[in-house]
Protein chains: 2
Amino acid sequence: MKKTLLLALVASAAVSSPLLAQARPDDTAALRDAALADTIAWDITEGLTTEVGPRLAGSEAEARARDWAVAKLKALGFANVRIESFDVPWWERGEASAEIVAPYPQPLVLTALGNSGATPAKGLKAEVIGFDSLDSLKAADPARVKGKIVFVTHRMAATQDGSPYSPVGQIRRNGPSIASNLGAAAILIRSIGTDHHRTPHTGSQNWSDGARPIPALALANPDADQLERILKRGRAVTIALKVTAKADGKRTSGNVIAEVPGRDPAAGIVLVGGHLDSWDQGTGAIDDATGVAITTAAAKRIMDAGQPLRTIRIVWFGSEEIGLFGGAAYREKHKDEKHHMLAESDFGADRVWRYQTSLAPAALPALKPLAAALAPLGIVPGGKNGDASGSDISEIQKLGVPVIELSQDGTRYFDLHHTPDDTLDKVDPAQLRQNVAAWTAMLSVVANDPADYGPVEPRAH
Amino acid sequence: MKKTLLLALVASAAVSSPLLAQARPDDTAALRDAALADTIAWDITEGLTTEVGPRLAGSEAEARARDWAVAKLKALGFANVRIESFDVPWWERGEASAEIVAPYPQPLVLTALGNSGATPAKGLKAEVIGFDSLDSLKAADPARVKGKIVFVTHRMAATQDGSPYSPVGQIRRNGPSIASNLGAAAILIRSIGTDHHRTPHTGSQNWSDGARPIPALALANPDADQLERILKRGRAVTIALKVTAKADGKRTSGNVIAEVPGRDPAAGIVLVGGHLDSWDQGTGAIDDATGVAITTAAAKRIMDAGQPLRTIRIVWFGSEEIGLFGGAAYREKHKDEKHHMLAESDFGADRVWRYQTSLAPAALPALKPLAAALAPLGIVPGGKNGDASGSDISEIQKLGVPVIELSQDGTRYFDLHHTPDDTLDKVDPAQLRQNVAAWTAMLSVVANDPADYGPVEPRAH
């Protein structure tokens, strides 16, 4: 009861002061603390992962997810709820199976990487050649690789900031093209992940440098361990593969957009969101139902507290996983609108521990109220100005728009990322609520602060 | 170097005192402490899971595992290494897939239970009827169940002693026959396990009470959560299934046996072991490569320290998983031999925390040296006399043979049990060594103690 009363007071204070230039610190604190009891984000996460489940870019399931999103965003009371459609290339996983034929016959658990080629219908069988890094693959003699199944292994550490993903992920992003251009029959990589389960990690990769598509697959980590052990015994290892993945033309995808209109339409848009699509193996709970849920719940709380100075635009991006198509389509369509600030949640829903910025250096002092509002949640400033980014928003960020990033704890993110294990049970409701509180505090400050955070330099991402 | 010297002294003491009736406590302590640096158990576990991998009862892989075992046991220097063959019914998993067709289309991850029937080749589609316990299924009106897909859920807690497995496992063992006799088209159960991964738990069940085989499957726990959530929304739920499991005649299985001959052939056999077969989804690391590895490593340490009073017989049982066929075959063949004591390791390789007994009450005081030898490893007496048993040894235990049970910590055992995730990375080498030390201490006492531990009553298991 007390909380409700407090919220009502906060709301009426905001509504009755239409000229108030900035959210008062005590309003922000009250909104933040009330958000620690949030149920909206859980409701969205539970609903989307249960009633839609997996929602691969361009699929009929992603279309159902857009309809689900429109209904939900309208029911929550947002304005200008709409779908902005675009086309994406279609690729489907099909089936993938692998068996060590010699010297120790046994099956291996793996999955196709995005855009993987297929084997002939009867499968392919070849000797394995192992590499302990992408560099050693790059340096390989094509005569040794030709016709073989390349295996690239690595170690990836679990860290709070997830920083190993960018360098280690090069194996997935570039390994297949390199192997193909060396004449390999197929490539297996150790999953880009930190778990020890038979749940292989898929992910995007594109054929570059004229590479011909070949089967490109990720072994579950225990299977990569196994193949390493077997290769170390020094005997020739033969693997039989069957892969039915296929690319096939274009399909429709789309972004779902909703707004909290601001008092001053000229003040620029505060864009928040995450991505609606998911890989097809899990139900896309931490990647990224929680992202759209957290940002939407926070925007709803600001809306319900009274009209903010600036318009808050919520974007549930489509087709992020297969190559940031939603981000690119958004940039193309909205590049001439004034964006005040961008912020994206796409790193799970464990507690936010840090915030980072990409603002004009002169604007940094304006963030003192943000620092004060986040500190009670255990959130500290970190990184250097310019580090803040996001996946879908990186496209419009290129044009030179300020970004604030609320960084979730990523220690267990890469246990689950892109695996069948990305399911609702992995979301901790208490940490999810801390996220909503952090985003609510951030939006309360940013959407009501008249200070400009730019200009920032346009940049290549 | 010190350890080697100590071992040599222990060994020479034993050899030079052939009439020594009992291992001296300081010999036992030295053997136990040396075993904390054991490498044999890891070597067996790593070798069997890597060079053979999955080894389903009656399969060609299980036959390769027997050959592997014979070579390994001979190389370790054991006597009377041999295979004792027997026939087992053959069942193979085939493929199993499931999809929610309505109201929220999405795939589910599941696997067939042992002896599952198949669907027609084109699959089957039916409405789901959910039950929250085996009792509620038993009480169901056949008219409501007929032609439907039964779903039985439950909660199973992770505990140190694994005690929930016996009651909760009734859902797997008896649910399929009950559902079939009620006219169900198929049965899905929540996996009998404590994890939250998309790695469903298989396990044995037999068609009883004249039940006709139907598809009988276990959903991964996140998928059971999902189906529960969807059913709670109150709309009719339809699932499409395809299952190609099949039973087909008989195949050959076998037990692999090795011995450390004792000084007194009339003193009775101390039987130790585990099972060589595994389910086909994982590589059978904790179930039960570690069991054969721990008991074999301990026996090897006793053998190397000098001839024990009693013969130690190591049995790597075949076809345990599908119904204790190796235990029954052993009983049939060896029922007339004098067995002094039985002990089996089939509960993973986390630390031993307790020992239990099934001895003649009058023999309990003879175990004081055992208690003293185990206490430094953090192992305490527990349960009541009569509780000790084992899976394969339960067959010969029925005839009235004393049993000592060294209980591993089972807290994470049912995260992995019967899943694809039962792989080598789940074995903690330090805890594995503690197991070898406990078994070495136990064998040092029991194989050299002239006291009789019987008679115990023959019992139904």
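Bringing the overall build of chain A into the picture now. For chain A, the count of helices and strands is 15 helices and 16 strands. In summary, chain A has a C-alpha radius of gyration of 23 Å against a globular reference of 23 Å for 461 residues, a match within 12%. Along the three orthogonal principal directions, the C-alpha set of chain A runs to about 75 × 40 × 40 Å. In chain A, 83% of the contacts between residues at least 6 apart in sequence involve partners at least 24 apart.

With that settled, the discussion passes to the domain arrangement of chain A. All names here are of chain A. In terms of domain boundaries, chain A breaks down into domain 1 (20–90 + 250–446) and domain 2 (94–244). If you look at the interface, domain 1 gives 20 residues, while domain 2 gives 19 residues. The residue inventory of the side of domain 1 that touches domain 2, partitioned by class, reads 7 nonpolar, 8 polar and 5 charged.

Moving on, we come to the relation of the copies chain A and chain B. The operation linking the two copies of the chain is a rotation about an axis combined with a translation along the axis. For the pair chain A and chain B, the relating rotation is 180°, the translation along its axis is 0.0 Å, and the fit reaches an RMSD of 0.0 Å. Taken together, the rotation and translation relating the two chain copies correspond to the operation of a two-fold axis. In this assembly, 100% of the residues forming the interface of chain A have copies in chain B that are likewise at the interface, indicating an isologous arrangement.

With that out of the way, let us pick up the sheet that holds strand 8 (residues 216–219) of chain A. Residues and elements named next belong to chain A. The sheet built from 8 strands is open, its strands ordered 3-2-9-5-6-7-8-4 with mixed pairing. The outermost strands of the open sheet, each flanked by one partner alone, are strand 3 (106–108) and strand 4 (110–112). The average angle at which neighbouring strand axes cross in this sheet is 30°, direction not considered. Judged from the 3 bridges that link them, strand 2 (residues 96–102) and strand 3 form a sheet pairing that is antiparallel. What sits directly across from Ala-98, in strand 3, is Leu-108. Running at roughly 155° to strand 7 (residues 186–190), helix 8 (residues 170–181) makes contact with strand 6 (149–152), strand 7 and strand 8 of the sheet. Against the sheet, helix 9 (residues 221–232) touches strand 2, strand 3, strand 4, strand 5 (124–131), strand 6, strand 7 and strand 8, its axis set at about 95° to strand 8.

For the rest of this paragraph, the subject is the interface of chain A and chain B. Taken together, the contacts link 22 residues of chain A with 22 residues of chain B. Of all the elements, helix 9 of chain A adds the most residues to the side of chain A that touches chain B, at 5 residues. A class-by-class count of the residues in the side of chain A that touches chain B yields 8 nonpolar, 8 polar and 6 charged.

Now for the packing of helix 3 (residues 40–51) of chain B against helix 4 (residues 60–75) of chain B. All names here are of chain B. Relative to each other, helix 3 and helix 4 sit at 150°, their axes nearing to 10 Å. As judged from the angle between their axes, helix 3 and helix 4 are roughly antiparallel. Both helix 3 and helix 4 take part in a crossing whose hand is right-handed. Between helix 3, through Ile-44, Gly-47, Leu-48 and Glu-51, and helix 4, the contact on the second element is made entirely by Ala-65, Trp-68 and Lys-72. Of the residues assigned to the contact of helix 3 with helix 4, the class counts are 4 nonpolar, 1 polar and 2 charged.

Residues and elements named next belong to chain B. Reading across the sheet, the 8 strands line up as 3-2-9-5-6-7-8-4 and stay open at both edges, with mixed pairing between neighbours. Strands with a single pairing partner mark the edges of an open sheet, and in this sheet they are strand 3 (106–108) and strand 4 (110–112). The sheet shows a mean angle of 30° between the axes of neighbouring strands, direction not considered. Where strand 6 (residues 149–152) meets strand 7 (residues 186–190), 4 bridges bridge the pair, whose relative direction is parallel. Following the sheet pairing, Val-150 is matched in strand 7 by Ile-187. Sheet strands touched by helix 8 (residues 170–181): strand 6, strand 7 and strand 8 (216–219). Its angle to strand 7, the strand with the most contacts, is close to 155°.

Bringing the confidence of the model for chain A into the picture now. Residues and elements named next belong to chain A. Here chain A averages 94 in pLDDT, and 95% of its residues register 70 or above. Low pLDDT (under 50) marks residues 1–20, which in the prediction has 18 contacts with non-local residues, meaning those over four places away or in another chain. With pTM at 0.94, the complex prediction returns an ipTM value of 0.93.

Turning our eyes to something else, we now look at helix 15 (residues 429–446) of chain B. For helix 15 of chain B, which comprises 18 residues, the first-to-last C-alpha distance of 26 Å matches the rise-based estimate of 26 Å (1.5 Å per residue) to within 8%. The buried fraction of helix 15 of chain B amounts to 15 of the 18 residues, a majority that puts the element mostly inside the structure.

We now examine the packing of helix 10 (residues 285–304) of chain B against helix 15 of chain B. Residue and element names in this part refer to chain B. Their axes nearest at 8 Å, the elements helix 10 and helix 15 cross at an angle of 50°. Between helix 10 and helix 15, the interaxial angle falls into the category oblique. Of the two elements, helix 10 crosses helix 15, and the hand of that crossing is right-handed. Each of Thr-290, Ile-294, Thr-295, Ala-297, Ala-298, Ala-299, Arg-301 and Ile-302 in helix 10 lies in contact with helix 15, whose residues at this interface are Leu-432, Asn-435, Val-436, Trp-439, Thr-440, Leu-443 and Ser-444.

Time to look at the pairing of strand 13 (residues 339–344) of chain B. Residues and elements named next belong to chain B. The buried fraction of strand 13 is high, at 6 of 6 residues. Sheet topology note: the strand 11 (residues 269–275)/strand 13 ladder contains 5 bridges and is parallel. Its bridge partner lying in strand 13, Val-272 is registered against Ala-343.

Another point: unusual backbone geometry. All names here are of chain B. Cis peptide bonds are those with omega within 30 degrees of zero, and the linkage from Ala-102 to Pro-103 qualifies with 5°. You can see Pro-103 is positioned in the loop between strand 2 (96–102) and strand 3. Of note, the amide linkage connecting Asp-287 to Asp-288 takes the cis form, showing an omega dihedral of 15°. Here Asp-288 is to be found in helix 10. Located in the positive-phi region is Ser-319, a residue other than glycine, with phi close to 50°. Its location among the elements puts Ser-319 in the loop between strand 12 (311–317) and helix 11 (325–334).

It is worth spelling out the environment of Glu-99 of chain A at this point. Residues and elements named next belong to chain A. Secondary-structure assignment places Glu-99 in strand 2. For the pair Glu-99 and Ala-240, spaced 141 residues apart in sequence, the C-alpha to C-alpha distance is 5.3 Å. Setting aside residues no more than four positions away along its own chain, Glu-99 makes contact with Pro-105, Pro-107, Leu-108, Ile-239 and Ala-240.

Before going further, it helps to spend a moment on helix 4 of chain B. Residue and element names in this part refer to chain B. Counted at 1.5 Å a residue, the expected span for helix 4 with its 16 residues is 22 Å, and the 23 Å between its end C-alpha atoms agrees. Those residues of helix 4 lying buried are Ala-61, Glu-62, Ala-65, Arg-66, Trp-68, Ala-69, Lys-72 and Leu-73. The arc that holds every buried residue of helix 4, seen down its axis, measures 165°, which confines them to one face. Structural note: helix 4 exposes Glu-60, Asp-67, Ala-71, Lys-74 and Ala-75 on the side pointing more than 90 degrees away from its buried face. Each element contacted by the buried residues of helix 4 is listed here: helix 3, strand 1 (79–92), strand 10 (246–260) and strand 12. Backbone geometry just after helix 4 places Gly-77 at a positive phi near 95°.

Let us now look at the environment of Asp-87 of chain B. Residue and element names in this part refer to chain B. You can see Asp-87 is positioned in strand 1. In this structure Asp-87 comes out as partly exposed when scored by C-beta crowding, with 15 C-beta atoms within 10 Å. Taking the C-alpha atoms as reference points, Asp-87 and Ala-363, 276 residues apart in sequence, are found 38 Å from one another. When near neighbours in sequence (up to four residues on either side) are disregarded, Asp-87 contacts Lys-250 and Thr-252.

So, about the environment of Pro-381 of chain B. All names here are of chain B. Structurally, Pro-381 is set in strand 15 (residues 380–381). Residue Pro-381 is classed as partly exposed on the basis of its C-beta count, with 15 C-beta atoms lying within 10 Å. Those residues in contact with Pro-381, other than ones at most four positions away along the chain, are Tyr-355 and Ala-371.

What counts and what doesn't
- Residues numbered from 1 in each chain as written.
- Chains lettered and ligands numbered in written order.
- Predicted model: local features only at pLDDT ≥ 70, side-chain atom pairs only at ≥ 80, totals over all residues.
- Helix = DSSP H or I, 4+ residues; strand = E, 2+ residues; numbered from the N terminus.
- Rg over C-alpha atoms; globule rule 2.2 N^0.38 Å.
- Contact = placed C-beta atoms within 7 Å.
- Domains from an automatic or database assignment.
- Nonpolar A, V, L, I, M, F, W, Y, C, P; charged D, E, K, R; others polar.
- Least-squares fit on C-alpha atoms with pLDDT ≥ 70 in both.
- Pairing = 2+ DSSP bridges.
- Axes fitted to C-alpha atoms, helices over the stretch in contact; angles between N-to-C directions.
- Parallel < 35°, antiparallel > 145°, perpendicular 65-115°, else oblique.
- Left-handed = near helix turned anticlockwise from the far one by under 90°.
- pLDDT = per-residue confidence, 0-100.
- Expected span 1.5 Å × (residues − 1).
- Buried ≥ 20, exposed ≤ 12 C-beta atoms within 10 Å, placed from the backbone.
- Arc of directions from axis to C-beta.

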